[in-house]
Amino acid sequence: MRLKSLLLSMIILSGMTALPQVNDSLFMKPKAKSHVDAPMRRHVENHGGFRGPTAYASVTNVISEEVTYAYYDMQSPNNLTVINNEELYGGVYLDGYLYAYDIYEGFQWFNKIDPFTGEILWYDGSTYYQKEMTYDYTTATAYGTYNNEFFTVNLATGDVTKIGDFPTEDPIYVLACALDGTLYAISGGRSSALYIVDKQTATLNMVGYTGIDEDYEVLYLQSGGFDYNTGILYWCEYETDTWMYVYDYSCIRTVDLETGHSTEIATTENLSQLCFFIPYDDPNPKENAFNLNGEYVFDDLTGNMSASLSWETGTTNTIQSFNLYRGTSLEEMELINSLPKNVTTYTDGDLEIGTYYYQLKSVYNNGLESVPAKTVDDADFLVVDITDISENQNVAARIYPNPTTDFINIEGIDVKTIEIYNSIGQLVENVENSRTVDVRSYPSGVYMMVINDETKVRFVKE
């Protein structure tokens, strides 16, 4: 039976088929950014990680205006178990977290959420929220859409990069990427259809019409997504009649990927569903660097002390770049460089004597970082000790004073020849059979003294 919705007709007749403005308060509810429903943990334990038909969505009851974030069994979608009252848009579930947008106190936010308790773990302001999102496991890329514009989404920041515009006047309501990387879209309007999306250009290739009654129009915000455990595409559909726009209908449908035809499996009661997802944990190992290794290097000519690092990579289809971290302890690691994914070596120069810790992390196409790359010893971090020059080179000769302003004296070795080079490797002077070198005419800088063609000692002229 079709249900009357005067509220929906008011929305449609006024031209408000979506929520285009951040200050639109029609469906906004006061809410706390840290609201948590603790009993939800019991549900997590009982369902063993939410395998099967348990779905999550941010749900608006168009009649009562009530907004909830809830979960339900796909076979009985009206029996909602409410987690909190968050009104979420877009949304990607990945590795146990939900990344989604919301509008709070008139501002747009991008959030990292515990999907099972509803607790917001991190949030930041966003200038361009997404009404629908999906995730491509083959390239580790999040995609989103807003008013038929097509974007990639950085899950670390919420920032978006526009790819293009969908070439259709009908609104694209659903984005859903299959495990093989095929990206599907479902349009609204009076000619609702299933499309395959070109992820590089936003071009749409129609699979077929969804089979919605031509007397009804698919409209209002809605969502959908795959159950990756079964490969079934679900659509949380909402429609209204095209005669008077006073009768509405909402239901859960499955969509045939070969024909585009949809089949209703359950009726919902005036529910417009956003941010729909069925949790899925990818069993495939993530790409990452490995065999991180390093050693201390002393430059004979410049006296520079550095750590020479190297690592290996396999396939890098999902990797965008590498982030290299360094610290004097694991508690004080800082990012020192971001490197292209085809780079496998790095020299960290101008170091002082001490112990340095290094970690290398992959940055995926979704903007998130990997766990630290394993070292050759299967550790999560690499240690490089920068030692004293004389200790490193086992130099028997002693020179003093160092630094100096006038003379350098040499002890501990029988001197026959001395060659002195500047910091760019140019020969400055040859000295024979003398333990003292006059450097008063030398410009200030770092010099390398080579004694008897074998012993090398650095000194500084001030």
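Think of each chain on its own: its residues are numbered from 1, step by step along the sequence as written. Local features in this predicted model are restricted to residues of pLDDT 70 or higher, and side-chain atom pairs are both shown and tallied only at a pLDDT of 80 or more, whereas totals for entire chains, interfaces and linings draw on every residue. By convention in this description, side-chain values take in all heavy atoms of the structure and omit both hydrogens and water.

**Quick look at the overall build of the chain**
The helix and strand tally for the chain stands at three helices and 36 strands. Only heavy atoms enter the contact rule, under which two residues are in contact if any of them lie within 4.5 Å. Partitioning the contacts of the chain with sequence separation of at least 6, the portion at a separation of at least 24 is 55%. Working definition of accessibility: Shrake-Rupley area with a 1.4 Å probe, residue cover restricted to the visible protein chains. Counting only carbon and sulfur atoms, one obtains 47% of the accessible surface of the chain, whose full area is about 21000 Å². Counting from the N terminus, the helices are the DSSP runs of H or I reaching at least four residues and the strands are the DSSP runs of E reaching at least two.

**Regarding the layout of surface pockets**
Looking at the largest pocket, its volume works out to about 500 Å³. In the scheme used here, Gly and all other residues not listed as nonpolar or charged are polar, with Ala, Val, Leu, Ile, Met, Phe, Trp, Tyr, Cys and Pro taken as nonpolar and Asp, Glu, Lys and Arg as charged. Tallied by class, residues from the lining of the largest pocket come to 12 nonpolar, six polar and six charged. Here a cavity is any set of points on a 1 Å grid over the protein atoms alone where a 1.4 Å probe fits but cannot get out, and a pocket is any open set with protein on both sides within 12 Å along at least 5 of 7 lines; a residue lines the site when it has an atom within 4 Å of a point. Grid points are joined across faces, edges and corners, and a volume is the space filled by probe spheres set on the points.

**A word on the sheet that holds strand β25 (residues 319-327)**
When DSSP finds two or more bridges between two strands, those strands count as paired. Spatial strand order, β26-β25-β28-β29: four strands in an open sheet with antiparallel pairing. Unpaired on one side and paired on the other, β26 (334-340) and β29 (382-386) mark the two borders of the sheet. Each adjacent strand pair in this sheet contributes to an overall mean axis angle of 25 degrees, direction not counted. Whenever a helix is involved, its axis is fitted only over the stretch in contact; in every case the axis is a line through C-alpha atoms, and angles between N-to-C directions fall within 0 to 180 degrees.

**Overview of a nonpolar patch on the surface**
Taken together, Tyr97, Leu121 and Trp122 make up a surface patch of nonpolar side chains, about 260 Å² in accessible area. Examined against the element boundaries, Tyr97 turns out to sit in strand β6 (residues 97-104). What makes Tyr97 partly exposed here is its relative accessible area of 32%. Patch membership requires more than 30% relative accessible area and the absence of a salt bridge. Residues of like charge join within 9 Å; the nonpolar side chains Val, Leu, Ile, Met, Phe, Trp and Tyr join within 5 Å. Definition used for salt bridges: Asp or Glu carboxyl oxygen within 4 Å of a side-chain nitrogen of Lys or Arg. With a 1.4 Å probe rolled over the protein chains alone, any residue whose accessible area is under 20% of its type maximum counts as buried; one over 50% counts as exposed, and the rest are partly exposed.

**Topic: the packing of aromatic side chains**
Each aromatic ring pair is characterised by the separation of its centres together with the angle its planes make. Any Phe, Tyr or Trp ring, taking Trp's six-membered ring, that has another such ring centre within 6.5 Å forms a pair; planes under 30 degrees apart are called stacked, those over 60 apart edge-to-face, and the others tilted. Using the criterion set out here, one finds 23 aromatic pairs in the structure. Taking 5.2 Å as the distance between ring centres and 10 degrees as the angle between the ring planes, the aromatic pair formed by Tyr56 and Phe277 counts as stacked. You can see Tyr56 sitting in strand β2 (residues 54-61) and its partner Phe277 sitting in strand β22 (residues 271-277), a full 221 residues away along the chain. Ring geometry for Trp109 and Tyr123: centres 5.1 Å apart, planes at 85 degrees, overall edge-to-face. Here the residue Trp109 occupies a position in strand β7 (residues 107-113), and Tyr123 occupies one in strand β8 (residues 120-125), the gap between them amounting to 14 residues.

**Let's talk about empty space enclosed by the protein**
A complete count under the given rule lists four cavities of 30 Å³ or more for this structure. In this structure, the largest cavity spans a volume of roughly 180 Å³. In this structure, the largest cavity is lined by 17 residues; those nearest its centre are Tyr93, Thr134, Tyr228, Phe276 and Phe277.

**Brief notes about the pairing of strand β5 (residues 88-94)**
Most of β5 is tucked away: seven of the seven residues are buried. Summarising the sheet, β5 and β6 pair through five bridges and their orientation is antiparallel. Counted as the bridge partner of Leu88 is Asp102 from β6. Between β5 and β6, which follow one another and run antiparallel, lie two residues, and Asp95 among them has a positive phi close to 50 degrees.

**Brief notes about the sheet that holds strand β30 (residues 398-400)**
Read from one edge to the other, the open sheet built from three strands follows the order β30-β31-β34, with strand pairing classed as antiparallel. A strand with exactly one partner marks an edge of an open sheet, and here the two such strands are β30 and β34 (436-438). Going across the sheet, the axis of each strand differs from the next one's by a mean of 20 degrees, ignoring polarity. Inspection of the sheet shows strand β31 (residues 407-411) paired to β34 by three bridges, in the antiparallel sense. Residue pairing in the sheet places Phe407 in a bridge with Asp438 of β34.

**Points about the confidence of the model for the chain**
Confidence scores here are pLDDT values: one per residue, from the predictor, ranging 0 to 100. Taken as a whole, the chain shows an average pLDDT of 84; of its residues, 85% reach a score of 70 or greater. Predicted confidence in the chain is weakest over helix α2 (residues 40-46), with a mean pLDDT of 30, and strongest over strand β16 (residues 204-209), with 98. Low pLDDT, under 50, characterises residues 1-52; the stretch is placed with 119 contacts to residues that sit more than four places away or in other chains. Low pLDDT, under 50, characterises residues 390-395; the stretch is placed with 10 contacts to residues that sit more than four places away or in other chains.

**Details of the environment of Val437**
As for its placement among the helices and strands, Val437 is situated in strand β34. Residues Val437 and Ile418, spaced 19 residues apart in sequence, show a C-alpha to C-alpha distance of 8.9 Å. Dropping the residues within four chain positions of it, Val437 is found in contact with Asp406, Phe407, Ile408, Ile418, Ile420, Glu429, Val431, Tyr442 and Met449.

**Comments concerning the pairing of β16**
Two elements, strand β15 (residues 193-197) and β16, share five bridges in a ladder whose sense is antiparallel. Bridge pairing in β16 links Ala193 to Tyr209. The turn joining β15 and β16, which pair antiparallel and follow one another in sequence, is formed by six residues; a positive phi near 75 degrees is taken by Ala202.

**As for the pattern of salt bridges**
Any two side chains of opposite charge can pair, so long as their charged atoms come close to each other. By the definition in use, this model includes 11 salt bridges. Of the charged contacts in the structure, one is a salt bridge between Arg190 and Glu217, with a shortest N-O distance of 3.9 Å. With a gap of 27 residues between them, Arg190 in the loop between β14 (183-187) and β15 and Glu217 in strand β17 (residues 216-218) connect regions that are remote in the sequence. Measuring nitrogen to oxygen at the nearest pair gives 2.7 Å for the salt bridge that ties Asp348 to Arg326. Here Asp348 is found in strand β27 (residues 345-348), whereas its partner Arg326 is found in strand β25, with 22 residues between them in sequence. Owing to a relative accessible area of 4%, Asp348 belongs among the buried residues under this scheme. Through salt bridges with shared partners, one network takes in Glu149, Lys162 and Asp165.

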